[in-house]
Amino acid sequence: MTGLVVAMDGPSGSGKSSASRGVARALGLRYLDTGAMYRAITWWMLQRGVDLSDQEAIAVRALEPVLTIGTDPDAPSVAVDGTDAAGPIRTTEVTAAVSAVSAVPEVRRRLVAEQREIIGAGGIVVEGRDIGTVVAPDAPVKIYLTASADARALRRTAELAGTTVQAQKAAMARRDSLDSTRKADPLAMAADAVELDTTALNLDEVVAEILRLIKEKT
Ligand code: C5P
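Residues numbered from 1 in each chain as written. Predicted model: local features only at pLDDT ≥ 70, side-chain atom pairs only at ≥ 80, totals over all residues. Heavy atoms only, no water.

Caption draft 1: Molecular detail of the site of the ligand. Surrounding the ligand, one finds 15 residues, the nearest of these being Arg39, Ser102, Arg108, Asp130 and Asp179. In the model, a nitrogen atom of the ligand is placed 2.8 Å from a nitrogen or oxygen of the Asp130 side chain. Starting from 460 Å² of accessible surface for the ligand in isolation, the protein chains cover 97%. Those elements giving two or more residues to the shell around the ligand turn out to be α2 (34-47), α4 (92-102) and α8 (165-181). Across the shell around the ligand, the residue classes break down as 2 nonpolar, 5 polar and 8 charged. (Near = heavy atom within 4 Å. Polar contact = N/O pair within 3.5 Å; in protein donor to acceptor, adjacent residues only side chain to side chain. Areas by Shrake-Rupley, 256 points an atom, 1.4 Å probe, with all protein chains shown as cover. Helix = DSSP H or I, 4+ residues; strand = E, 2+ residues; numbered from the N terminus. Nonpolar A, V, L, I, M, F, W, Y, C, P; charged D, E, K, R; others polar.)

Next comes the structure, spelled out in structure tokens:
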């Protein structure tokens, strides 16, 4: 399993994070949350008042923030310029703004290079939107997680305080539409990925199914 790369893609709320961490834990692999990297850059830009409706303004500052990512599935961490950002990157403000930042090619170029560096010789589960298509196209195992819009909104609502299923459904539909229609590396299922619909499955069942697929493919 040392050289293994498992690519986990899918829309928001499909259960990628919990499933990826569960699989990494079960196999003793590292875990990389690439969404946390896009969120961290977005948080940094918001703090500095960068106009996120201006792609050029985002592009010129794309290389400035220094990211430090921890890959322990039991304690994933992210810091920006040495400051812990694990909490701030999950705010509604960052969630609403991240698709504008992740659509900018200069941001993607930078982060894809860093992600490939972290993946290195493998032994890692990597979750995101473009892992099987762009970041690690040679990964031997590619999973595309989906779930119905209602199931995804329900899960997210249970995780967050002060929101409703309706509001979450609308926010997720907006983000997924932006992520899958952008020009640069859109959310897409790789031709050789296995689609796994998690609507009717609990976390243990999802992890078990992915472990079975990994066994089958390696
Ligand atoms: O996975 P998460 O919801 O934290 O991702 C936040 C955002 O980061 C996504 O909505 C998307 O805009 C962006 N993202 C991306 N490519 C990835 C991972 C995340 O564009 N590989």
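Caption draft 2: Representation of the pairing of strand β3 (residues 67-70) in the model. Here β3 pairs with strand β4 (residues 77-80) via 4 bridges, running antiparallel. Paired with Gly70 across the bridge in β4 is Ser77. (Pairing = 2+ DSSP bridges.)

Caption draft 3: Here's a closer look at the pattern of salt bridges. Inspection of every chain in the model, using the stated rule, returns 14 salt bridges. Across the pair Arg25 and Asp74 runs a salt bridge, and its minimum N-O distance is 2.5 Å. Residue Arg25 is found in helix α1 (residues 16-27), and its partner Asp74 is found in the loop between β3 and β4; the two are separated by 49 residues along the sequence. Judged by its relative accessible area of 51%, Asp74 is exposed. Two residues, Arg108 and Asp185, come together in a salt bridge whose shortest N-O distance is 3.3 Å. Of this pair, Arg108 sits in helix α5 (residues 105-119) while Asp185 sits in the loop between α8 and β8 (194-197), and the two are 77 residues apart along the sequence. Residue Arg108 is classed as buried on the basis of its relative accessible area of 3%. Three or more residues joined by partner-sharing salt bridges are found here, namely Arg108, Asp130 and Asp185. (Salt bridge = Lys/Arg side-chain N within 4 Å of Asp/Glu carboxyl O. Buried < 20%, exposed > 50% of the residue type's maximum accessible area, 1.4 Å probe, protein only.)

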